[in-house]
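Results of the structural survey
Read off the chains here:
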Amino acid sequence: MRGKKTGVAAGVFDPVSVAHVDIIARAAKIFDKIYVAPFENSSKKTMFDIKQRLDMLILACGDIDNVTVEEPGNGILLADYARSKGADFIIKGVRNIMDFEYELNMAEINRKLGDGIDTLFLASKPEYLFISSTFVREMILYGKDISGYVPEKAAGYIKNLMSQNK
């Protein structure tokens, strides 16, 4: 890649996992600037609201110098957000063929809506292949230890939220 490049790492992040942060950190070594944004997904019911997910991402990614975490805004599509940031690429992590097939379809939609913006796929490391936000939410619902699956600061934040909700 020539010149300065900007990427957007977007997802629902409900909650952010160590697998998400690994993808973001690896992308931060490739790009000059990464914007990380938690989006709503109309087909998913979230455990955490957008502000909570934003707070968790800030805690989880705060030590990565060239990463900015921000809320994309209400009702904005990923392609429009990426374009507004001058992004060269959308960054997506994939764990398996099901993730890849879904994200490949989304990449084509984003390319059409985003004036040709490309998606860069990063494969999950083997130790993170089984970690999903769905899995972590189940662990939280059943009161199980989520350390090792969620970044330490975000895990503390979640623990505090759960104790307030009891």
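Conventions used here
Residues numbered from 1 in each chain as written. Predicted model: local features only at pLDDT ≥ 70, side-chain atom pairs only at ≥ 80, totals over all residues. Heavy atoms only, no water. Core = buried A, V, L, I, M, F, W, Y, C linked by side-chain atoms within 4.5 Å. Buried < 20%, exposed > 50% of the residue type's maximum accessible area, 1.4 Å probe, protein only. Helix = DSSP H or I, 4+ residues; strand = E, 2+ residues; numbered from the N terminus. Contact = heavy atoms within 4.5 Å. Pairing = 2+ DSSP bridges. Axes fitted to C-alpha atoms, helices over the stretch in contact; angles between N-to-C directions. Salt bridge = Lys/Arg side-chain N within 4 Å of Asp/Glu carboxyl O. Phe/Tyr/Trp six-rings, centres within 6.5 Å; stacked < 30°, edge-to-face > 60°.

Counting residues in each nonpolar core, the largest one holds 36 residues, and the members touching the most others are V16, I24, I34, V36, V67, I91 and I146. For this core, the elements supplying multiple residues, two or more each, are α1 (18-28), β2 (33-38), α2 (50-61), β3 (67-69), α5 (133-141) and α6 (152-164). The greatest single-element share of this core, amounting to 7 residues, is contributed by α1. Discounting residues that sit within four places of it in the chain, V67 has contacts with I24, A28, I34, V36 and C61.

Two orientations exist for strands paired in a sheet by backbone hydrogen bonds: parallel and antiparallel. Read from one edge to the other, the open sheet built from 5 strands follows the order β3-β2-β1-β4-β5, with strand pairing classed as parallel. With partners counted over all chains shown, the strands left at the sheet margins are β3 and β5 (118-123), one partner each. With strand direction ignored, the average angle separating the axes of adjacent strands in the sheet is 30°. Direction of pairing for strand β4 (residues 89-94) relative to β5: parallel, over a ladder of 6 bridges. Counterpart to G93 in the pairing with β5 is L122. Here α1 sits on the sheet and contacts β1 (6-11), β2, β3, β4 and β5; the angle it forms with β5, its principal contact strand, is near 120°.

Right, let's get into the pattern of salt bridges. Summed over the entire model, instances satisfying the criterion amount to 13 salt bridges. The partner of R111 in a salt bridge is E108, and the shortest N-O contact between them spans 2.9 Å. Note that R111 and E108 are positioned in helix α4 (residues 97-113) at a spacing of 3 residues, about one turn of the helix. Using a relative accessible area of 32% as the deciding quantity, one classes E108 as partly exposed. Of the charged contacts, one joins R111 and D118 as a salt bridge, the two residues approaching to 2.5 Å between their closest N and O atoms. The exposure class of R111 is partly exposed, given its relative accessible area of 31%. Counted as one network, the salt bridges with shared partners bring together E108, R111, K112 and D118.

Under the counting rule described, the total for this entry stands at 6 aromatic pairs. Judged by centre distance (5.2 Å) and plane angle (65°), the ring pair of F100 and F121 falls under edge-to-face. With F100 in helix α4 and F121 in strand β5, the pair connects residues that are 21 residues apart, well separated along the chain. Take F100: its relative accessible area is 31%, and that puts it in the partly exposed class. Given a relative accessible area of 24%, F121 falls into the partly exposed group.

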